[in-house]
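Geometric and topological summary
Here are the chains, one letter per residue:
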Amino acid sequence: MDHKFGGLERTTTPEGVYRVLRTAILDGTVPPGGQLRERDIATDLGVSRSPLREALTRLEEEGLIVKFPFRGAFVVEVSARDVADIASIRVLVEPYAAELSAEALRGSERPGLMRTIEEFHRATEKNDIPASIDAHLRFHRLFYDLSGHGILQSLWNGWEIKLRLYLTMDYRTYSDPHDIAVEHERLAAIALEGDMDGFRRELARHFQSALRA
(Lines give C-alpha, C1' and ligand atoms only; values in the text may rest on other atoms or scores of the structure.)
Protein backbone atom coordinates (compact mmCIF):
# COMPACT_ATOMS: atom_id res chain seq x y z
CA MET A 1 0.00 0.00 0.00
CA ASP A 2 3.04 2.25 0.43
CA HIS A 3 1.63 4.69 2.97
CA LYS A 4 -1.37 6.02 1.10
CA PHE A 5 -2.97 7.43 4.26
CA GLY A 6 -0.27 9.81 5.44
CA GLY A 7 -2.07 12.91 4.18
CA LEU A 8 -5.39 12.01 5.76
CA GLU A 9 -6.79 12.92 9.15
CA ARG A 10 -5.23 10.95 11.97
CA THR A 11 -7.83 9.10 13.98
CA THR A 12 -7.82 6.63 16.85
CA THR A 13 -11.41 5.39 17.01
CA PRO A 14 -12.62 2.26 15.21
CA GLU A 15 -15.37 4.33 13.54
CA GLY A 16 -12.86 6.94 12.35
CA VAL A 17 -10.47 4.31 11.01
CA TYR A 18 -13.35 2.53 9.30
CA ARG A 19 -14.47 5.75 7.57
CA VAL A 20 -10.95 6.60 6.38
CA LEU A 21 -10.30 3.11 5.01
CA ARG A 22 -13.74 2.79 3.43
CA THR A 23 -13.33 6.12 1.65
CA ALA A 24 -9.87 5.15 0.42
CA ILE A 25 -11.26 1.91 -1.02
CA LEU A 26 -14.31 3.48 -2.64
CA ASP A 27 -12.44 6.40 -4.21
CA GLY A 28 -9.80 4.06 -5.65
CA THR A 29 -6.92 5.22 -3.42
CA VAL A 30 -6.52 1.54 -2.58
CA PRO A 31 -7.64 -0.27 -5.75
CA PRO A 32 -9.32 -3.67 -6.03
CA GLY A 33 -6.69 -6.28 -5.19
CA GLY A 34 -4.67 -3.74 -3.19
CA GLN A 35 -3.30 -4.80 0.17
CA LEU A 36 -4.16 -3.05 3.44
CA ARG A 37 -0.99 -3.42 5.50
CA GLU A 38 -1.80 -3.06 9.20
CA ARG A 39 1.60 -1.72 10.16
CA ASP A 40 1.58 1.02 7.52
CA ILE A 41 -1.99 2.07 8.28
CA ALA A 42 -1.30 2.16 12.01
CA THR A 43 1.70 4.42 11.41
CA ASP A 44 -0.06 6.71 8.92
CA LEU A 45 -3.20 7.21 11.00
CA GLY A 46 -1.54 7.17 14.40
CA VAL A 47 -3.74 4.33 15.58
CA SER A 48 -3.13 1.16 17.58
CA ARG A 49 -3.76 -2.30 16.17
CA SER A 50 -6.97 -2.89 18.20
CA PRO A 51 -9.25 -0.22 16.60
CA LEU A 52 -7.59 -0.92 13.24
CA ARG A 53 -8.47 -4.60 13.38
CA GLU A 54 -12.01 -3.75 14.47
CA ALA A 55 -12.34 -1.48 11.43
CA LEU A 56 -10.93 -4.16 9.12
CA THR A 57 -13.40 -6.72 10.49
CA ARG A 58 -16.25 -4.32 9.74
CA LEU A 59 -14.98 -3.80 6.18
CA GLU A 60 -14.74 -7.57 5.74
CA GLU A 61 -18.33 -8.02 6.95
CA GLU A 62 -19.40 -5.36 4.47
CA GLY A 63 -17.75 -7.27 1.64
CA LEU A 64 -15.14 -4.64 0.77
CA ILE A 65 -12.09 -6.61 1.84
CA VAL A 66 -11.07 -10.22 2.20
CA LYS A 67 -8.53 -11.59 4.68
CA PHE A 68 -6.14 -14.42 3.89
CA PRO A 69 -4.25 -16.33 6.61
CA PHE A 70 -0.57 -15.35 6.72
CA ARG A 71 -1.05 -12.88 3.83
CA GLY A 72 -3.21 -10.10 5.24
CA ALA A 73 -6.19 -8.04 4.09
CA PHE A 74 -6.90 -7.14 0.47
CA VAL A 75 -9.56 -5.08 -1.26
CA VAL A 76 -12.00 -7.40 -3.03
CA GLU A 77 -11.33 -7.78 -6.74
CA VAL A 78 -14.22 -7.61 -9.17
CA SER A 79 -13.64 -8.80 -12.72
CA ALA A 80 -15.37 -7.80 -15.93
CA ARG A 81 -16.78 -11.33 -15.95
CA ASP A 82 -18.37 -10.75 -12.53
CA VAL A 83 -19.99 -7.55 -13.80
CA ALA A 84 -21.16 -9.28 -16.99
CA ASP A 85 -22.83 -12.00 -14.92
CA ILE A 86 -24.59 -9.37 -12.82
CA ALA A 87 -25.60 -7.42 -15.93
CA SER A 88 -27.09 -10.55 -17.53
CA ILE A 89 -29.50 -10.80 -14.57
CA ARG A 90 -30.09 -7.07 -14.20
CA VAL A 91 -31.18 -6.72 -17.82
CA LEU A 92 -33.97 -9.19 -17.03
CA VAL A 93 -35.09 -8.05 -13.56
CA GLU A 94 -34.43 -4.31 -13.53
CA PRO A 95 -37.23 -3.55 -16.02
CA TYR A 96 -39.58 -5.43 -13.67
CA ALA A 97 -38.30 -3.35 -10.74
CA ALA A 98 -38.88 -0.21 -12.81
CA GLU A 99 -42.40 -1.34 -13.65
CA LEU A 100 -43.23 -2.01 -9.99
CA SER A 101 -41.78 1.34 -8.89
CA ALA A 102 -43.25 3.40 -11.74
CA GLU A 103 -46.29 4.64 -9.81
CA ALA A 104 -44.17 5.88 -6.90
CA LEU A 105 -41.61 7.46 -9.23
CA ARG A 106 -44.31 9.33 -11.12
CA GLY A 107 -45.81 10.47 -7.81
CA SER A 108 -44.28 11.15 -4.41
CA GLU A 109 -40.82 9.82 -5.28
CA ARG A 110 -40.37 11.82 -8.47
CA PRO A 111 -38.45 14.68 -6.72
CA GLY A 112 -35.95 12.14 -5.38
CA LEU A 113 -35.40 10.69 -8.84
CA MET A 114 -34.90 14.15 -10.35
CA ARG A 115 -32.55 15.13 -7.53
CA THR A 116 -30.44 12.04 -8.16
CA ILE A 117 -30.15 12.92 -11.87
CA GLU A 118 -29.17 16.52 -11.00
CA GLU A 119 -26.53 15.30 -8.55
CA PHE A 120 -25.25 12.87 -11.19
CA HIS A 121 -24.83 15.71 -13.70
CA ARG A 122 -23.09 17.95 -11.14
CA ALA A 123 -20.68 15.21 -10.12
CA THR A 124 -19.68 14.33 -13.68
CA GLU A 125 -19.27 18.00 -14.61
CA LYS A 126 -16.82 18.36 -11.71
CA ASN A 127 -15.18 15.02 -12.59
CA ASP A 128 -15.92 13.93 -9.02
CA ILE A 129 -15.69 10.17 -9.48
CA PRO A 130 -16.81 9.09 -5.98
CA ALA A 131 -19.87 11.37 -6.13
CA SER A 132 -20.62 10.20 -9.68
CA ILE A 133 -20.55 6.58 -8.58
CA ASP A 134 -22.76 7.39 -5.57
CA ALA A 135 -25.36 8.99 -7.85
CA HIS A 136 -25.03 6.20 -10.44
CA LEU A 137 -25.77 3.48 -7.91
CA ARG A 138 -28.42 5.51 -6.07
CA PHE A 139 -30.28 5.95 -9.38
CA HIS A 140 -30.53 2.21 -10.05
CA ARG A 141 -31.19 1.38 -6.41
CA LEU A 142 -34.32 3.55 -6.50
CA PHE A 143 -36.08 1.08 -8.79
CA TYR A 144 -35.35 -1.84 -6.47
CA ASP A 145 -36.09 0.02 -3.23
CA LEU A 146 -39.39 1.40 -4.51
CA SER A 147 -40.50 -1.87 -6.09
CA GLY A 148 -41.77 -3.13 -2.74
CA HIS A 149 -40.38 -6.54 -3.74
CA GLY A 150 -38.13 -8.07 -1.10
CA ILE A 151 -36.30 -10.45 -3.43
CA LEU A 152 -35.48 -7.67 -5.89
CA GLN A 153 -34.18 -5.54 -3.03
CA SER A 154 -32.03 -8.44 -1.80
CA LEU A 155 -30.60 -8.93 -5.28
CA TRP A 156 -29.52 -5.29 -5.46
CA ASN A 157 -28.03 -5.43 -1.96
CA GLY A 158 -25.95 -8.41 -3.04
CA TRP A 159 -24.61 -6.59 -6.10
CA GLU A 160 -24.01 -3.05 -4.92
CA ILE A 161 -20.58 -3.45 -3.32
CA LYS A 162 -19.21 -5.34 -6.32
CA LEU A 163 -20.62 -2.75 -8.71
CA ARG A 164 -19.18 0.09 -6.66
CA LEU A 165 -15.71 -1.46 -6.60
CA TYR A 166 -15.82 -2.10 -10.33
CA LEU A 167 -16.99 1.43 -11.10
CA THR A 168 -14.10 2.96 -9.15
CA MET A 169 -11.84 1.56 -11.87
CA ASP A 170 -14.23 1.69 -14.84
CA TYR A 171 -15.05 5.40 -14.50
CA ARG A 172 -11.42 6.28 -15.14
CA THR A 173 -11.65 4.76 -18.63
CA TYR A 174 -14.41 7.07 -19.88
CA SER A 175 -13.36 9.98 -22.08
CA ASP A 176 -16.46 11.91 -20.96
CA PRO A 177 -18.21 10.57 -17.82
CA HIS A 178 -20.93 13.19 -18.39
CA ASP A 179 -22.27 10.86 -21.11
CA ILE A 180 -23.17 8.36 -18.37
CA ALA A 181 -25.34 10.93 -16.61
CA VAL A 182 -27.08 11.70 -19.90
CA GLU A 183 -27.80 7.97 -20.41
CA HIS A 184 -29.38 7.76 -16.97
CA GLU A 185 -31.46 10.86 -17.59
CA ARG A 186 -32.81 9.11 -20.70
CA LEU A 187 -33.56 5.96 -18.69
CA ALA A 188 -35.44 8.04 -16.12
CA ALA A 189 -37.53 9.75 -18.79
CA ILE A 190 -38.51 6.40 -20.34
CA ALA A 191 -39.41 4.94 -16.93
CA LEU A 192 -41.57 7.98 -16.11
CA GLU A 193 -43.37 7.60 -19.43
CA GLY A 194 -44.25 4.04 -18.42
CA ASP A 195 -42.67 2.64 -21.59
CA MET A 196 -41.36 -0.61 -20.17
CA ASP A 197 -40.47 -2.06 -23.58
CA GLY A 198 -38.46 1.08 -24.26
CA PHE A 199 -36.87 0.78 -20.83
CA ARG A 200 -35.78 -2.79 -21.57
CA ARG A 201 -34.22 -1.75 -24.88
CA GLU A 202 -32.44 1.23 -23.36
CA LEU A 203 -31.17 -0.84 -20.44
CA ALA A 204 -29.83 -3.52 -22.81
CA ARG A 205 -28.01 -0.79 -24.75
CA HIS A 206 -26.73 0.64 -21.47
CA PHE A 207 -25.26 -2.78 -20.56
CA GLN A 208 -23.80 -3.60 -23.98
CA SER A 209 -20.15 -3.22 -23.01
CA ALA A 210 -20.58 -5.16 -19.74
CA LEU A 211 -22.44 -8.01 -21.43
CA ARG A 212 -19.62 -8.44 -23.97
CA ALA A 213 -17.10 -9.27 -21.22
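Sequence order as written defines residue numbering, which begins from 1 separately in each chain. Reporting in this predicted model follows two pLDDT cut-offs: at least 70 for local features of residues, and 80 or more for side-chain atom pairs to be given and counted; totals over whole chains, interfaces and linings ignore these cut-offs and use all residues. Values reported for side chains reflect all heavy atoms of the structure, with hydrogen atoms and water molecules removed beforehand.

With that out of the way, let us pick up the packing of helix α6 (residues 129–145) against helix α8 (residues 178–193). As a packed pair, α6 and α8 sit with axes 11 Å apart at the nearest point and diverge in direction by 15°. It follows from the interaxial angle that α6 and α8 lie roughly parallel. In the packing of α6 onto α8, the handedness of the crossing is left-handed. The residues of α8 that touch α6, namely those facing His 136, Phe 139, His 140 and Phe 143, are Ile 180, His 184, Leu 187, Ala 188 and Ala 191. Polarity classes work like this: nonpolar for Ala, Val, Leu, Ile, Met, Phe, Trp, Tyr, Cys and Pro, charged for Asp, Glu, Lys and Arg, and polar for all others, with Gly in that last group. Its residues assigned to classes, the contact of α6 with α8 shows six nonpolar, three polar and no charged. Axes here refer to lines fitted to C-alpha atoms; in helices the fit is confined to the stretch in contact. Angles between the N-to-C directions go from 0 to 180 degrees. In this text, helices come from DSSP runs of H or I with a minimum length of four residues, and strands from runs of E with a minimum of two, each type numbered from the N-terminal end. In what follows, roughly perpendicular refers to angles from 65 to 115 degrees, roughly parallel to angles under 35, roughly antiparallel to angles over 145, and oblique to any angle outside these ranges. Crossing chirality is assigned from the near helix's rotation relative to the far helix, an anticlockwise turn below a right angle marking it left-handed and a clockwise turn marking it right-handed. Whether two residues are in contact is decided by their heavy atoms, any of which lying within 4.5 Å being enough.

Below, the discussion takes up the side chain of His 206. For His 206, the position within the fold is in helix α9 (residues 196–206). Judged by its relative accessible area of 14%, His 206 is buried. One polar contact links His 206 to His 184, side chain to side chain, over a distance of 3.5 Å. If sequence neighbours within four positions are ignored, His 206 has contacts with His 136, His 140, Glu 183, His 184 and Leu 187. Under the scheme applied here, a residue whose accessible area is under 20% of the maximum for its type counts as buried, over 50% as exposed, and between as partly exposed, the area being computed with a 1.4 Å probe on protein chains only. Side-chain atoms alone can form a polar contact between residues adjacent in sequence; in general such a contact is a pair of N or O atoms within 3.5 Å, and within protein one must be able to donate a hydrogen while the other accepts it.

Another aspect to go through is the pairing of strand β2 (residues 65–68). Here is the key point about a regular strand: its side chains alternate between the two faces of the sheet. Two elements, β2 and strand β3 (residues 72–75), share four bridges in a ladder whose sense is antiparallel. The residue bridging Val 66 from the neighbouring strand is Phe 74, located in β3. Following DSSP output, two strands are said to pair if at least two bridges run between them. Two successive antiparallel strands, β2 and β3, enclose a turn made up of three residues, where Phe 70 displays a positive phi of approximately 70°.

Time to look at unusual backbone geometry. Positioned with a positive phi, Phe 70 is a non-glycine residue whose angle comes to about 70°. With respect to the secondary-structure elements, Phe 70 resides in the loop between β2 and β3. The phi dihedral of Asn 127 is positive, around 55°, even though this residue is not glycine. Mapped onto the fold, Asn 127 is located in the loop between α5 (110–125) and α6. Accessibility expressed as a relative area gives 51% for Asn 127, which makes it exposed.

Attention shifts here to the packing of aromatic side chains. Any two of the Phe, Tyr and Trp rings considered here, Trp counted by its six-membered ring, make a pair once their centres fall within 6.5 Å; the pair's planes then place it as stacked at under 30 degrees, edge-to-face at over 60, or tilted in between. Considering all chains together, one arrives at six aromatic pairs under this definition. Seen in terms of ring centroids, Phe 139 and Phe 143 are 5.3 Å apart; in terms of plane orientation they differ by 85°. Their pairing is edge-to-face. Remark: Phe 143 and Phe 139 occur in helix α6; sequence separation between them is four residues, near one turn of the helix. Consider the rings of Phe 143 and Phe 199, whose centres lie 5.4 Å apart with planes at 75°: the pair is edge-to-face. You can see Phe 143 sitting in helix α6 and its partner Phe 199 sitting in helix α9, a full 56 residues away along the chain.

Moving on: the confidence of the model for the chain. pLDDT expresses, on a scale from 0 to 100, how confident the predictor is about each individual residue. When pLDDT is averaged along the chain, the result is 89; 93% of the residues meet or exceed 70. Ranking the helices and strands of the chain by mean pLDDT puts α5 first, with 96, and helix α10 (residues 208–211) last, with 69.

Turning our attention to the environment of Ser 48. By the secondary structure assignment, Ser 48 is in the loop between α2 (38–45) and α3 (49–62). By relative accessible area, Ser 48 is classed as partly exposed at 45%. Sequence separation between Ser 48 and Thr 11 is 37 residues; the distance between their C-alpha atoms is 9.9 Å.

This paragraph deals with the packing of helix α4 (residues 80–106) against α6. Running from N to C, α4 and α6 cross one another at 75°; their axes reach a closest spacing of 7 Å. Put simply, α4 runs roughly perpendicular to α6. Residues Arg 90, Val 93, Glu 94, Ala 97, Ala 98, Ser 101 and Leu 105 of α4 form the contact with α6, whose own contacting residues are His 140, Phe 143 and Tyr 144. Looking at the contact of α4 with α6, its residues break down into six nonpolar, two polar and two charged.

We now examine the environment of Phe 68. Position of Phe 68 relative to the elements: it lies in strand β2. With 24 residues separating them in the primary sequence, Phe 68 and Asp 44 have C-alpha atoms 23 Å apart.

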